[in-house]
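Given next are the chains, with one letter for each unit.
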Amino acid sequence: MKNTLLVIDMQNDFIDGTLGTKEAQAIVPAVRAKIAERLSQGWEVIYTRDTHGEDYLSTAEGKKLPVVHCIKDTHGWQIADGLYVEGCKIIDKPTFGYLQWSNCEFQRIELIGLCTDICVVSNALILKAQFPDAAISVDSACCAGVSVESHRAALKTMQMCQIDII
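This write-up is about the structure you can find in this document. (Residues numbered from 1 in each chain as written. Predicted model: local features only at pLDDT ≥ 70, side-chain atom pairs only at ≥ 80, totals over all residues. Heavy atoms only, no water.)

**What to know about the layout of surface pockets**
Left-over empty space is what a probe sized like a water molecule reveals as it rolls over the atoms.
Next up, step 1: The volume enclosed by the largest pocket comes to roughly 180 Å³.
Next up, step 2: Lining the largest pocket are 16 residues, with Phe14, Leu19, Cys115, Ile118 and Val146 sitting closest to its centre.
Next up, step 3: Per-class residue counts for the lining of the largest pocket are nine nonpolar, four polar and three charged. (1 Å grid on protein atoms, 1.4 Å probe; cavity = no way out; pocket = protein on both sides within 12 Å on 5 of 7 lines; lining within 4 Å. Points joined across faces, edges and corners; volume = space filled by probe spheres on them. Nonpolar A, V, L, I, M, F, W, Y, C, P; charged D, E, K, R; others polar.)

Shown next as structure tokens:
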């Protein structure tokens, strides 16, 4: 069993690309510091990458969010400069929440990243369902949502589902 930091979708398109926000840009230094801190404490760090194909606009998600983003092998799809640490695992996921977490071993899980109100909350709730006895937390200072209001609502939702918000 491991202590694991999950860095959710800290990709160029969500920071300063097609879906970027000033709030996402503002958390980058805190995310960088959190990754360094957890690695120094011996934690495993896993990154997720929102990953779409050239046909994104014809997918169910693309029809509801018609903004091309995180197309595999593009600059926008890459983890932002200075955040990825060589040797850490990257999971490419085709949708909001990754459904194969059960292939991992977790004792304590901390989530950070983007977007609080879409991918962070989705993964946190999936993890809570798959690992009900694991300690799961979200560092709110290392997350940003589509809007400040939806960020706060997602944090409240996770808190109501017994995920610790720090």
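Still to come is the rest of the account.
**Remarks on the sheet that holds strand 2 (residues 44-50)**
Next up, step 1: Taking strand neighbours across the sheet as the criterion, the six strands line up as 3-2-1-4-5-6 in an open arrangement whose pairing is parallel. Of all the strands in the sheet, the pair left with one neighbour each is strand 3 (89-93) and strand 6 (164-165).
Next up, step 2: Two strands pair when backbone bridges link them, and strand 1 (residues 3-8) and strand 2 are joined in this way by five bridges, in the parallel orientation. Each bridged residue has a counterpart across the sheet, and for isoleucine 8 the counterpart in strand 2 is threonine 48. (Pairing = 2+ DSSP bridges. Helix = DSSP H or I, 4+ residues; strand = E, 2+ residues; numbered from the N terminus.)

**Thoughts on the pattern of salt bridges**
Next up, step 1: Across all of its chains, the model carries nine salt bridges by this definition.
Next up, step 2: Note that lysine 93 is salt-bridged to aspartate 9, the shortest N-O span being 2.8 Å. Note that lysine 93 is positioned in strand 3 and aspartate 9 in the loop between strand 1 and helix 1 (12-15), a separation of 84 residues in sequence. Take lysine 93 and aspartate 9: they sit in the same class, and that class is buried.
Next up, step 3: The partner of glutamate 23 in a salt bridge is lysine 22, with the nearest N and O atoms 3.2 Å apart. (Salt bridge = Lys/Arg side-chain N within 4 Å of Asp/Glu carboxyl O. Buried < 20%, exposed > 50% of the residue type's maximum accessible area, 1.4 Å probe, protein only.)

**Digging into the packing of aromatic side chains**
Next up, step 1: The full count for this structure, using the stated rule, is four aromatic pairs.
Next up, step 2: Between tyrosine 47 and tyrosine 84 the ring centres are 5.1 Å apart and the planes differ by 55°, which places this aromatic pair in the tilted class. Of this pair, tyrosine 47 sits in strand 2 while tyrosine 84 sits in the loop between helix 3 (60-64) and strand 3, placing them 37 residues apart in sequence.
Next up, step 3: According to the relative accessible area criterion, tyrosine 47 is buried, its value standing at 0%.
Next up, step 4: For tyrosine 84, a relative accessible area of 30% puts it in the partly exposed group.
Next up, step 5: Here the basic side chain of arginine 38 rests over the ring of tryptophan 43, its NZ or CZ set 4.2 Å away from the ring centre. (Phe/Tyr/Trp six-rings, centres within 6.5 Å; stacked < 30°, edge-to-face > 60°. Lys NZ or Arg CZ within 6 Å of the ring centre and 35° of its normal.)

**Let's talk about unusual backbone geometry**
Next up, step 1: At the junction of leucine 114 and cysteine 115, the peptide bond is cis and its omega measures out at -25° in the coordinates.
Next up, step 2: With respect to the element layout, cysteine 115 can be found in the loop between strand 4 (108-114) and helix 4 (116-130).
Next up, step 3: Phi is positive for aspartate 9, close to 50°, though the residue is something other than glycine.
Next up, step 4: At glutamine 162, a position not held by glycine, the phi torsion is positive, near 65°.

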